[in-house]
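Next come the chains, spelled out residue by residue.
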Amino acid sequence: MSPLLRRRRTTETGPAEVGPLEEGPVEVGLAEPGPWGPAPVIEVRSLVKSYGEGEGAVHALSGPVDPVTGDRAGVDLTVMQGDLVAIMGSSGSGKSTLMNIVGCLDVPTSGRYLLDGIDVGGLDESQLSLVRNRKIGFIFQSFNLVPRTTALAQVELPLAYAGVKSAERRRRAVAALSVVGLADRLDHRPNELSGGQQQRVAVARALVTSPAMLLADEPTGNLDSRSTDEVLGIIDRLNATGRTVVLITHEDEVARHAKRVIRLVDGKVVNDVRQAPVDGLPPALRDPDGFAHAHADAMQITEQYTTQQFAQPAAQPAVPQTALLDTTLGSEQR
Ligand SMILES: Nc1ncnc2c1ncn2[C@@H]1O[C@H](COP(=O)(O)OP(=O)(O)OP(=O)(O)O)[C@@H](O)[C@H]1O
Ligand SMILES: [Mg+2]
């Protein structure tokens, strides 16, 4: 039996810790619901991430800043099992920084992070890579597939790292590729797949280990609208079966799929809106017809807007830069 990361329940004496080499079954499934309902998958407290020091320091995640002392309270965030969360915000607002910390790819300057009940602050590098492999499935904007490697081998890779035997690896990788509709593309290499298909391979690779959550940084950023719909449809269905998903996006159309939308400005959470209950279906599956109509309307408005933009005569009164800035900030803080 493989070594494991066994999740211990939070107790009165404090949060769960991880013992990487305990004996017992490997737990790679969802966080178990606690006696009072779903458990938090992400618990972030007073999280600060700064680069550099002194005057030139960049505070990528700061939370509210005390106007008198200048102290940074840090970011607090709890994501419950089964949620589908979109993180939005303009370029440089701290989205990827937050995602990298939540994904255990980076460490905070200060603050606390419990992932699926495990306090990751006390883990060394090998324990962290074990946590990443067992608990998190990553999806990136640029797919990050291995060149010249078949879809099947790409999806088997995380299982190989986890020490799963060859026949079982193959069985699970084929099942994951079937979930994303690529059972007939097992032997295709990235250059033999469309962008949307490549991203679906990446989704299969992310979910094959049955992680506690999927983290996606702009998963549809490089896709056309049809492939975007396909990938979002898969994410909707994965969430409907209980998978926790946190995704970063710039697009309102993508955020509409989320049950909860969080907006960051300058390393602070400025808005946190629930669009659908954690324990229900995601918006696109709750009322598919209504969602599709709203989508069609939104597309029409976008098309009209784009057409108008291109139809604008060259000589337009100049818009003062400050007005543009106000509009941008206004839309961020909606
Ligand atoms: N390694 C680093 N060193 C110094 N500053 C950094 C580093 N990484 C990020 N930053 C800064 O931290 C801030 C937040 O960056 P982050 O990548 O989280 O933004 P983002 O919201 O993901 O933006 P985008 O939408 O463009 O991807 C930015 O001001 C960025 O310049
Ligand atoms: Mg980013």
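Higher on the page you've got the structure.
Let us look at the structure shown here. The model shown is predicted, which means the values in this text are computed figures rather than measured ones.

Two elements in contact, helix H5 (residues 195-207) and helix H6 (residues 225-240), have axes whose closest approach is 9 Å; the angle formed by their N-to-C orientations is 20 degrees. Here H5 lies roughly parallel to H6, going by the angle between them. For the pair H5 and H6, the crossing hand works out as right-handed. Contacts from Gly195, Gly196, Gln199, Arg200, Val203 and Leu207 of H5 reach H6 at Ser227, Glu230, Val231, Ile234 and Leu238. A class-by-class count of the residues in the contact of H5 with H6 yields five nonpolar, four polar and two charged.

This part covers helix H3 (residues 151-161). Considered for burial, the residues of H3 that qualify are Ala151, Leu152, Gln154, Val155, Glu156, Pro158 and Leu159. For H3, the secondary structure elements touched by its buried residues are helix H2 (125-135), helix H4 (166-179) and H5.

This part is about unusual backbone geometry. Positioned with a positive phi, Asp116 is a non-glycine residue whose angle comes to about 50 degrees. Relative to the assigned elements, Asp116 resides in the loop between strand E5 (110-115) and strand E6 (118-119). With 27 C-beta atoms counted inside 10 Å, the residue Asp116 sits in the buried group. Non-glycine residue Asn144 carries a positive phi angle of around 55 degrees. If you trace the backbone, Asn144 turns up in the loop between strand E7 (136-140) and H3. Taking the number of C-beta atoms within 10 Å as the measure of exposure, Asn144 has 12 and is therefore exposed.

Turning next to the site of ligand 1. With respect to spatial proximity, the complete set of residues near ligand 1 consists of Tyr51, Val58, Ala60, Gly89, Ser91, Gly92, Ser93, Gly94, Lys95, Ser96 and Thr97. When contributions to the shell around ligand 1 are tallied by element, the ones reaching two or more residues are strand E2 (58-61) and helix H1 (95-102). Take the shell around ligand 1: its biggest share by element is three residues, from H1. When grouped by side-chain class, the residues that make up the shell around ligand 1 number three nonpolar, seven polar and one charged.

This part takes up the sheet that holds strand E4 (residues 84-88). Taken together, the six strands give an open sheet; going across it, the order is E7-E8-E9-E4-E10-E11, and neighbouring strands pair in mixed fashion. Unpaired on one side and paired on the other, E7 and strand E11 (268-274) mark the two borders of the sheet. On average, each strand axis in the sheet is inclined to that of its neighbour by 15 degrees, with strand direction left out of account. Two strands pair when backbone bridges link them, and strand E10 (residues 260-265) and E11 are joined in this way by six bridges, in the antiparallel orientation. Note on E11: the bridge partner recorded for Val265 is Lys268.

Quick notes on the rules
Sequence order as written defines residue numbering, which begins from 1 separately in each chain. Following the order in which they are written, the chains are lettered starting with A and the ligands numbered starting with 1. For a predicted model such as this one, the threshold for reporting local features is a pLDDT of at least 70, and the threshold for listing and counting side-chain atom pairs is 80 or more; totals across whole chains, interfaces and linings nevertheless cover every residue. Lines fitted to the C-alpha atoms define the axes, with helices restricted to the stretch that makes contact. Angles between their N-to-C directions range from 0 to 180 degrees. The way it works is that DSSP assigns letters per residue, a run of H or I at least four long becomes a helix, a run of E at least two long becomes a strand, and they are numbered from the N terminus. An angle below 35 degrees is read as roughly parallel, one above 145 as roughly antiparallel, one from 65 to 115 as roughly perpendicular, and any other as oblique. In this scheme the crossing of two helices becomes right-handed for a clockwise turn of the near helix relative to the far one and left-handed for an anticlockwise turn of less than a right angle. By definition, residue pairs are in contact when their C-beta atoms, positioned from the backbone, come within 7 Å. Residue polarity follows a fixed list, in which Ala, Val, Leu, Ile, Met, Phe, Trp, Tyr, Cys and Pro are nonpolar, Asp, Glu, Lys and Arg are charged, and the others, Gly among them, are polar. Counting other C-beta atoms within 10 Å of each residue's C-beta, where C-beta atoms are placed from the backbone, gives the exposure class: buried for 20 or more, exposed for 12 or fewer, partly exposed between. As used in this record, a residue near a molecule or strand is one whose C-beta atom, placed from the backbone, is within 6 Å of it. For two strands to pair, DSSP has to find at least two bridges joining them.

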